[in-house]
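Read off the chains here:
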Amino acid sequence: MNMAVLTCINCPLGCQITVSADALGRQKIEGYGCKRGLEYAKVELTNPTRMVTSTVRLQNADIRQLPVKTSAPVPKAKIMDCMCALKAVEVSAPVRAGDIIVRNVCGTGSDIVATRCVAASESAHCKP
Amino acid sequence: MQNIDLAIIGGGPAGLAAAVGAHTQGIRDIVIFERDSTPGGILNQCIHNGFGLHAFKEELTGPEYAERFIQQTKDLGIRIRLNTMVLSISPQREITAVNEQGVLHVQAKAIVLAMGCRERPRGALNIPGSRPAGIYTAGTAQRFVNLNGYLPGKEVVILGSGDIGLIMARRMTLEGVHVKAVVELMPYSNGLKRNIVQCLDDFGIPLLLSHTVTEIVGRRRLEGVKIAQVDADRRPVPETEQYIPCDTLLLSVGLLPENELSKSAGVQLSPITGGAVVNEQLETSAEGIFACGNVLHVHDLVDYVSEESLLAGRNAARYIQNALAETRRNIPILPRGGVRYTVPSMIDPRLMDPELVVRFRVDQVYRGYRVCVYLGDHLEYSRKARVLTPGEMESVTLTQAMFAKQETVPSVTVSVERAE
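For every chain, the first residue of the written sequence is number 1, and numbering continues from 1 along that sequence. Naming scheme: in the order in which they are written, chains are lettered from A and ligands are numbered from 1. With pLDDT at 70 or above as the cut-off, local features in this predicted model cover only qualifying residues; side-chain atom pairs require 80 or more to be listed or tallied, and sums for whole chains, interfaces and linings still use all residues. As a rule here, side-chain values come from all non-hydrogen atoms in the structure, and water together with hydrogens is ignored.

Here's the deal with the overall build of chain A
- Only DSSP runs of H or I covering at least 4 residues are called helices, and only runs of E covering at least 2 are called strands; the numbering of each starts at the N terminus. Summing up its helical and strand segments, chain A has two helices and 10 strands in all.
- When its helices and strands are written in sequence order, chain A yields β-β-β-α-β-β-β-β-α-β-β-β.
- C-alpha atoms define the radius of gyration, and 2.2 Å times the number of residues to the power 0.38 defines the globule rule. In terms of overall dimensions, chain A is more spread out than a globule: its C-alpha atoms have a radius of gyration of 21 Å, far above the 14 Å expected for 128 residues.
- Over its C-alpha atoms, taken along the principal directions, chain A stretches across nearly 70 × 30 × 20 Å.
- Exposure is judged per residue with a 1.4 Å probe applied to protein chains only, and the accessible area is read against the type maximum: over 50% gives exposed, under 20% gives buried, and values in between give partly exposed. In chain A, which comprises 128 residues, the proportion classed as buried is 41%.
- Across chain A, the mean location of the 16 positive side-chain charges is 3 Å away from that of the 10 negative side-chain charges. Only four residue types enter the tally: Lys and Arg on the positive side, Asp and Glu on the negative side; His and the chain ends are excluded. Taken as the charge centre is NZ of Lys, CZ of Arg, CG of Asp or CD of Glu, depending on the residue.

Side note on the overall build of chain B
- Helix and strand content of chain B: eight helices and 27 strands.
- Since a compact globule built from 420 residues should have a radius of gyration of about 22 Å, the 22 Å found for chain B is in line with a globular shape.
- When its C-alpha atoms are laid out on the principal axes, chain B stretches across 65 × 60 × 40 Å.
- Taken over 420 residues, chain B has a buried fraction of 56%.
- By definition in these notes, contact holds between two residues if any of their heavy atoms fall within 4.5 Å. Look at the contacts in chain B between residues 6 or more apart in sequence, and 63% of them connect residues 24 or more apart.
- Per-residue accessibility takes into account occlusion by the displayed protein chains alone, with areas from the Shrake-Rupley method and a 1.4 Å probe. When the accessible area of chain B is evaluated, it comes to approximately 17,900 Å², of which 49% is carbon and sulfur surface.
- Positive and negative charge centroids in chain B, built from 43 and 46 side chains respectively, lie 2 Å apart.

A short note on the sheet that holds strand 13 (residues 207-208) of chain B
Residue and element names in this part refer to chain B.
- Pairing between two strands is assigned when DSSP locates at least 2 bridges connecting them. Strand order in the open sheet made by the five strands is 10-17-11-12-13, with parallel pairing throughout. Pairing within the sheet leaves two strands with one partner each, and these edge strands are strand 10 (135-137) and strand 13.
- Pairing of strand 11 (residues 155-159) with strand 17 (residues 248-251) involves four bridges; the strand directions are parallel. Bridging across to strand 17, Val157 finds its partner in Leu249.

As for the nonpolar core
Residue and element names in this part refer to chain B.
- Residues enter a nonpolar core if they are buried and are Ala, Val, Leu, Ile, Met, Phe, Trp, Tyr or Cys, with the set joined through side-chain atoms within 4.5 Å. One finds Leu6, Ile9, Ile89, Ile95 and Leu113 to be the most contacted residues of the largest nonpolar core, which totals 62 residues.
- Setting aside its immediate chain neighbours within four residues, Ile9 contacts Phe33, Val86, Ile89, Ile95, Ile111, Val112, Leu113, Ala114, Met115 and Leu261.
- Membership of the second largest hydrophobic core comes to 24 residues, among which are Val362, Ala385, Val396 and Val416.

Points about the pattern of salt bridges
- Any carboxyl oxygen of Asp or Glu that lies within 4 Å of a side-chain nitrogen of Lys or Arg is treated as forming a salt bridge with it. Evaluation of the coordinates by the stated rule reveals 25 salt bridges over all chains.
- Measuring nitrogen to oxygen at the nearest pair gives 2.7 Å for the salt bridge that ties Asp29(B) to Arg79(B). Taken together, the residues span a long stretch of sequence, with Asp29(B) in the loop between helix 1 (13-24) and strand 2 (30-33) and Arg79(B) in strand 5 (residues 79-81) at a distance of 50 residues.
- For Asp29(B), a relative accessible area of 24% gives the class partly exposed.
- Here Arg79(B) falls in the partly exposed class, since its relative accessible area comes to 40%.
- The salt bridge partner of Glu380(B) is Lys405(B), with a shortest N-O separation of 2.5 Å. Here Glu380(B), found in strand 25 (residues 378-388), pairs with Lys405(B), found in the loop between helix 8 (400-404) and strand 27 (412-418); they are 25 residues apart in sequence, far enough to count as distant.
- We classify Glu380(B) as buried; its relative accessible area is 15%.
- Residue Lys405(B) is classed as exposed on the basis of its relative accessible area, which comes to 60%.
- Within the structure, one salt-bridge network assembled from shared partners comprises Glu44(A), Arg50(A), Lys76(A) and Asp202(B).

As for the interface of chain A and chain B
- Listed by partner, the interface residues are 25 residues for chain A and 30 residues for chain B.
- Reported buried area values correspond to the accessible surface (1.4 Å probe) lost by two parts on association, with both partners' losses combined. In this assembly, chain A packs against chain B so that about 2,600 Å² is buried in total across both faces, 57% of it on carbon and sulfur atoms.
- Where chain A meets chain B, there are three salt bridges.
- Notably, a salt bridge pairs Lys76(A) with Asp202(B), separated by 3.3 Å at the nearest N-O pair.
- Residues adjacent in sequence count toward polar contacts only when both atoms are side-chain atoms; beyond that, a polar contact is any pair of N or O atoms within 3.5 Å, and within protein one must be able to donate a hydrogen and the other to accept it. The interface formed by chain A and chain B includes eight residue pairs in polar contact (both at pLDDT 80 or more).

Digging into the pairing of strand 17 of chain B
Residue and element names in this part refer to chain B.
- Along strand 17, one buried face is formed by Thr248 and Leu250 and the opposite face, lined by Leu249 and Leu251, is buried too.
- Of the strand pairs in this sheet, strand 10 and strand 17 are connected by three bridges, and their pairing is parallel. Each bridged residue has a counterpart across the sheet, and for Thr137 the counterpart in strand 17 is Leu251.

Considering the side chain of Glu64(B)
- Within the secondary structure, Glu64(B) sits in helix 2 (residues 62-75).
- For Glu64(B), a relative accessible area of 14% translates into the label buried.
- A distance of 3.0 Å separates polar atoms of two side chains, one belonging to Glu64(B) and the other to Lys69(A).
- In this structure Glu64(B) touches Lys69(A) and Thr115(A), once residues within four positions along its chain are discounted.

Description of the confidence of the model for chain A
- What pLDDT expresses is the predictor's confidence in each residue, scored from 0 to 100. For chain A, mean pLDDT is 89; residues scoring 70 or higher make up 94% of the total.
- For the stretch residues 124-128 of chain A, pLDDT sits under 50, and the model shows three contacts to residues farther than four places along the chain or on other chains.

With respect to the environment of Cys15(A)
All names here are of chain A.
- Structurally, the position occupied by Cys15 is in the loop between strand 1 (3-7) and strand 2 (16-21).
- Residues Cys15 and Gly33, spaced 18 residues apart in sequence, show a C-alpha to C-alpha distance of 6.6 Å.
- Not counting chain neighbours up to four residues away, the residues in contact with Cys15 comprise Leu6, Thr7, Cys8, Gly31, Tyr32 and Gly33.

Observations concerning the sheet that holds strand 21 (residues 339-343) of chain B
Residues and elements named next belong to chain B.
- The strand order across the open sheet built from three strands is 21-23-26, with neighbouring strands paired in antiparallel fashion. Unpaired on one side and paired on the other, strand 21 and strand 26 (394-399) mark the two borders of the sheet. In this sheet, adjacent strand axes meet at a mean angle of 30° when their direction is disregarded. To define axes, lines are fitted to C-alpha atoms, for helices over the stretch in contact only, and angles between the resulting N-to-C directions are given on a 0 to 180 degree scale.

A word on helix 4 (residues 163-174) of chain B
Residue and element names in this part refer to chain B.
- When the terminal C-alpha atoms of helix 4 are compared, their 17 Å separation across 12 residues agrees well with the 16 Å that a helix rising 1.5 Å per residue should span.
- Across the 12 residues that make up helix 4, a large majority, 10, are buried.
- All of the buried residues along helix 4 are Gly165, Leu166, Ile167, Met168, Ala169, Arg170, Arg171, Met172, Thr173 and Leu174.
- In the stretch just after helix 4, Gly176 is the one whose phi turns positive, near 95°. A helix's residues, less one, multiplied by 1.5 Å, set its expected span.

Given below as structure tokens:
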């Protein structure tokens, strides 16, 4: 029989929620302490999503990495694909927070956007 | 000697919010001293999201959260002296700082301390073994990865399951690093549940509770660590020792308020928080010197740092405007029964705002307890708490109305008690 154990993240209690199927294949969710826990378990089982935050290489600036995020949560299974898509990306300052860096990343419908404003460096030419 | 109204030491989330708070109260001659080349402090390297849920009702990344306050200080015309390191503060509020132009001497009418905290280093742990390269605090590794674009290693063990360690376990995994285990001395993690699930469970990284690192192996570069289970007294059990090869060990073993400058100003520190002892104005034992944020006590959420710092800035402004009474009547706020400390730790009800948030931490995990507030012997307030953990800061709100009911209150007590 298939059984999954989830830790609820809604509050510090961290209820252990078990999801199992009975003999007739009906899903049984147990161990949640409140409605939010039940909702969490359902979403985690059907379509778990996560925000992906990372950095891309940055030229012409005093810092070398530009922080970015997905504009909306993406399917959990696509996290590593998103990371791979960012590997070769390079951006040149100036950048504004909210600027789209990669459109529709990995077909998720979500964009990769900058999360920090970075001015063009005045002394960038003498940086290694 | 330059004269200014308000000097704020540190341009991170606490300093920025304190400046906004002082400006709102009508003070204009404000200078923030920041030793880095950009404002925003540690938020700049906290590129993950989850900030601002309380303050802005949305989930922001660290740099986005910082940007909100940086923009606000810009709009208000508040001066920030970047690349400027404060070297000392005198009890008379003379500041000595240094930058590329040389040494600066500034006399301030009031000061807000907002220097933040530092990570506990290896030296604070007494882990036996050699001293090879490859051992970093989690925050140092975070800076390398997120700002400088370097990976500190390829095979990593993390000691301590604080939030920075958990966040770095995920961050390094996303960058292709093999995080072999997170080792935690205590039988529970101090990190948020959300971080345990989304930073460890999502990637199958084992969390070894009641374990610690017993030896560091390697001469020039770290080659591996020995870990072992610990008993109820947190002593390693030799039979359980095992060796994990790795080239990097990250330490996420607690934060300490950075109060070197406070000491030079003669500020009295609490042995429990490591931060200043403050009254309801968030004023320290040194007159006209206020403290807020992680230099006062280590917070889990930046939202509460901002809230506290707005208040400290506003109160510093009121001090400059001579709005604070000269003679105080301090009532101690006593932590009892599982409450480790409170901030503030004293209150003068005549000078308090209509409402005052008192923040505290408990010493262990409590399930099914009550948070109680006594004025003198009288139980004034209590609420049920399904769970209280050392990792999550708690608070109670004292009101003027509570104090109006009693003629004289000798003390306020905050405690956690078993629910009937």
